[in-house]
Amino acid sequence: MTSYKVNAKPYEFEFNNDSTALMIIDMQRDFLYPGGFGEKLGNDVSATNKIIPNVQRVLEEAREKGLLVIHTREGHRPDLTDVPVSKAKRGGGIGEVGPMGRILVRGEYGHDIVDELQPKENEVVLDKPGKGAFYQTDLESILRNRNIKNLIVTGVTTHVCVQTTIREANDRGYECLMLEDCCAAFDPKDHEDSIRMINQQGGIFGWTAPSENLLSAWSK
Ligand code: TIU
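Residues numbered from 1 in each chain as written. Predicted model: local features only at pLDDT ≥ 70, side-chain atom pairs only at ≥ 80, totals over all residues. Heavy atoms only, no water.

**Topic: the side chain of Asp30**
- Here Asp30 shows up in helix α1 (residues 29-32).
- Leaving out residues up to four positions away in the same chain, Asp30 has contacts with Gly36, Phe37, Gly38, Met100, Ile103, Leu104, Gly110 and His111. (Helix = DSSP H or I, 4+ residues; strand = E, 2+ residues; numbered from the N terminus. Contact = heavy atoms within 4.5 Å.)

Listed below in structure tokens is the structure:
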């Protein structure tokens, strides 16, 4: 089986296509398009939507290589019974009506994945109520059933759902490569700090690299 080596921090990330999944975290209209949750929280969504073409390039290549692709969406039941009281109080208006429908509610236009990254039929779409993709989802069974050991992680926001998912994955024994230019936070400092937190101390949570390093590893 071909093994690929990606120039990454803190050192080379080695993987093969069969045991690796591409995770695309919460690339939802609510976080990336004007009028959604991200903007409602007072953010400029140009910081997050600029990564769409980078994620698109990696997604196309991952599809070509036959990787398992997992898209996640943060959101809740329309009756909001699965929203913890703390999140309802401090969550930024979940369930309120915005220009793209009710904020972070399943089935609403704003809750779905951006047009540019719409999932194919054979790809996993994972609805999650929390920040981490493992919490209250069947992600762990999916990864086990497909014999996945490594996760290539992309999406938004870097310091919230991306970091939480990488930390959850790390505790469960998965090796994560976070693609720096395929993740974004509304504040670039949160993004940069997250990269450092992931790869510091010899890779305490995993590896980080620009996506071109992955693409060039695949092309060799
Ligand atoms: N608020 C914020 O930056 N992010 C979230 O609430 N969710 C995700 O990161 N997807």
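From this point, the narrative continues.
**Comments concerning the site of the ligand**
- Close contacts around the ligand come from Asp26, Phe31, Phe37, Leu41, Glu74, Lys131, Val156, Thr157, Val160, Cys161 and Phe186, and that covers them all.
- Within the side chain of Glu74, an N or O atom sits 2.8 Å from a nitrogen atom of the ligand.
- Take Thr157: an N or O atom from its side chain is 2.8 Å from an oxygen atom of the ligand.
- Contact with the protein chains covers 91% of the free accessible surface of the ligand, which is 290 Å².
- Across the shell around the ligand, the residue classes tally to seven nonpolar, one polar and three charged. (Near = heavy atom within 4 Å. Polar contact = N/O pair within 3.5 Å; in protein donor to acceptor, adjacent residues only side chain to side chain. Areas by Shrake-Rupley, 256 points an atom, 1.4 Å probe, with all protein chains shown as cover. Nonpolar A, V, L, I, M, F, W, Y, C, P; charged D, E, K, R; others polar.)

**Quick word on the pattern of salt bridges**
- Tallying each qualifying case throughout the model produces twelve salt bridges.
- A salt bridge links Glu123 to Arg63; its shortest N-O distance comes to 2.6 Å. Separated by 60 residues along the polypeptide, Glu123 in the loop between β6 (101-102) and β7 (124-128) and Arg63 in helix α4 (residues 52-65) bring together distant segments of the chain.
- Judged by its relative accessible area of 26%, Arg63 falls in the partly exposed class.
- Arg73 is paired through a salt bridge with Asp127; the nearest N and O atoms lie 2.8 Å apart. Taken together, the residues span a long stretch of sequence, with Arg73 in strand β4 (residues 68-74) and Asp127 in strand β7 at a distance of 54 residues.
- Residue Arg73 is classed as buried on the basis of its relative accessible area of 17%.
- Residues joined by salt bridges that share partners form a network here, namely Arg73, Asp112 and Asp127. (Salt bridge = Lys/Arg side-chain N within 4 Å of Asp/Glu carboxyl O. Buried < 20%, exposed > 50% of the residue type's maximum accessible area, 1.4 Å probe, protein only.)

**Details of the UniProt feature "domain: Isochorismatase-like" (unreviewed entry) in the protein**
- The positions that UniProt labels "domain: Isochorismatase-like" (unreviewed entry) are, in the present scheme, residues 20-204.
- In the segment residues 20-204, helix accounts for 37% and strand for 21%; the C-alpha atoms at its two ends are 19 Å apart. (UniProt positions renumbered as here; feature names shortened; annotations may be inferred.)

**Focus: the layout of surface pockets**
- Space inside the largest pocket adds up to approximately 280 Å³.
- Lining the largest pocket are 16 residues, with Phe37, Glu74, Gly91, Lys131 and Val160 sitting closest to its centre.
- Within the residue set of the lining of the largest pocket, elements represented by two or more residues are α5 (85-90) and α7 (158-171).
- Across the lining of the largest pocket, the residue classes tally to seven nonpolar, five polar and four charged.
- Here the second largest pocket is characterised by a volume of approximately 180 Å³.
- Looking at the second largest pocket, the residues that line it are Arg77, Asp82, Pro84, Lys87, Arg106, Pro129, Gly130, Tyr135 and Gln136.
- Classifying every residue of the lining of the second largest pocket gives three nonpolar, two polar and four charged. (1 Å grid on protein atoms, 1.4 Å probe; cavity = no way out; pocket = protein on both sides within 12 Å on 5 of 7 lines; lining within 4 Å. Points joined across faces, edges and corners; volume = space filled by probe spheres on them.)

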